[in-house]
Amino acid sequence: MSIIQYQSCGCCRYSLPPQFFHPFAGFSGRAFPTPNSTARAVLENSTPDSVVDKVVEADPFSAIKKRASEISSDLKGTSIFLVGMNNSYKSSLGVILADALRYYFFDSDSLVEEAVGGKGAAVSLVESEEEGYLASETEVLKQLSSMGRLIVCAGNGAVKSSSNLALLRHGISIWIDVPLDLVAREIMEDRIQLSASDTTICKSSDEILDQLTTLYDSGQSGYSTADATISLQKLASELGYDELNEVTVEDMCMEVLKEIERLVRVKKMMEEAARPF
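What counts, and where the lines are drawn
Residues numbered from 1 in each chain as written. Predicted model: local features only at pLDDT ≥ 70, side-chain atom pairs only at ≥ 80, totals over all residues. Heavy atoms only, no water. Axes fitted to C-alpha atoms, helices over the stretch in contact; angles between N-to-C directions. Helix = DSSP H or I, 4+ residues; strand = E, 2+ residues; numbered from the N terminus. Parallel < 35°, antiparallel > 145°, perpendicular 65-115°, else oblique. Left-handed = near helix turned anticlockwise from the far one by under 90°. Contact = heavy atoms within 4.5 Å. Nonpolar A, V, L, I, M, F, W, Y, C, P; charged D, E, K, R; others polar. Buried < 20%, exposed > 50% of the residue type's maximum accessible area, 1.4 Å probe, protein only. 1 Å grid on protein atoms, 1.4 Å probe; cavity = no way out; pocket = protein on both sides within 12 Å on 5 of 7 lines; lining within 4 Å. Points joined across faces, edges and corners; volume = space filled by probe spheres on them. Core = buried A, V, L, I, M, F, W, Y, C linked by side-chain atoms within 4.5 Å.

*Asks:* Whenever I open this one, the packing of helix α5 (residues 108–115) against helix α7 (residues 130–145) confuses me. Can you help?
*Replies:* Packed helix pairs are specified by the crossing angle of their axes together with the interaxial distance, meaning the distance between the axes. At a minimum axis separation of 9 Å, α5 and α7 run at an interaxial angle of 120 degrees. On the basis of their axis angle, the class for α5 and α7 is oblique. Where α5 crosses over α7, the handedness of that crossing is right-handed. Two secondary-structure elements touch here, α5 through Ser 108, Asp 109, Leu 111, Val 112 and Glu 113 and α7 through Tyr 133, Ser 136, Glu 137, Val 140, Leu 141 and Leu 144. Grouping the constituent residues of the contact of α5 with α7 by class yields six nonpolar, two polar and three charged.

This is the structure:
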């Protein structure tokens, strides 16, 4: 099936919508204070001796960007694919990581829907010709995997076929594992939406949770092939939090960067071990 032509990115056979080239395209996460306003608030309410510590504490982006800069050279522009059920942690992580690593941010579901004419057209396509929708999904992943310096929030379909999973191997894949009841609550509150292929027609929280469980079960074997897993529940336990909502996106981002650093280090060690004496 043909894919709508857009402004060329210079890297792929078909072009991508211009709005997706901005690292913050489509971001609807929480608002964060700017560094200048944060520093000003700290200075106005602190003694000189405590200013440095409080600025670091109040501006978690500094620590994130520092960690990202430390691994950037070894990462060598390798793209990062975030897989897992759609949730606000995953989308917010994608945007923050793209900013910290100076990458571009893409949401593969949004690209597929845009390519076929919008969310409504995508839903109709899934209902009338699901194979055509899945082919478009694979085509988008193929083009994204051929590019570098990307953070991609991959849709659920990215882990449902061996061909799509093979495309994810062109970069580093990380499973963002969030409890389904939290995802269901975000859907009920209209904070997130499922992709066209997974769109829920249920209304009650129990029905939504049942459908999410089915989607999760169908994708779990694919999620498990990811290079690393970041579990919200596990991280909350490690940080000593009593509630899952105490875990911030910044906490998750630091954990993702740690895993990326570990994976890059292991790859580097394997390459060095393979060199002839």
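*Asks:* Where do I start with helix α9 (residues 180–188) in this structure?
*Replies:* Of all the residues in α9, the buried ones are Leu 180, Leu 182, Val 183, Ala 184, Glu 186 and Ile 187. Elements in contact with the buried residues of α9: α4 (88–101), α10 (205–223) and α11 (232–238).

*Asks:* Please explain the environment of Leu 180 as it appears in this structure.
*Replies:* Within the fold, Leu 180 resides in helix α9. Among the residues examined, Leu 180 registers a relative accessible area of 15% and is labelled buried. Put simply, Leu 180 and Asp 210 are 30 residues apart on the chain and 9.4 Å apart in space, counted from C-alpha to C-alpha. Once you skip the residues sitting within four places of it in the chain, Leu 180 turns out to touch Met 85, Leu 209, Leu 212, Thr 213 and Tyr 216.

*Asks:* Looking at this structure, how should I read the layout of surface pockets?
*Replies:* Here the idea is plain: a probe the size of a water molecule rolls over the atoms and shows the empty space left. A volume near 300 Å³ is recorded for the second largest pocket. Every residue lining the second largest pocket is listed: Asp 74, Leu 75, Lys 76, Thr 78, Ile 172, Leu 263, Val 264, Lys 267, Lys 268, Glu 271, Glu 272 and Arg 275. Taken together, the elements giving at least two residues each to the lining of the second largest pocket come down to α3 (60–75) and α12 (249–274). Looking at which element gives the most residues to the lining of the second largest pocket, the answer is α12, with six residues.

*Asks:* Would you mind showing me how to read the nonpolar core here?
*Replies:* Ile 174 and Ile 260 are the most contacted members of the largest nonpolar core, which has 72 residues in total. When residues no more than four places from it in sequence are discounted, the contact partners of Ile 174 are Ile 80, Phe 81, Leu 82, Val 83, Ala 226, Ala 228, Ile 230, Val 256 and Ile 260.

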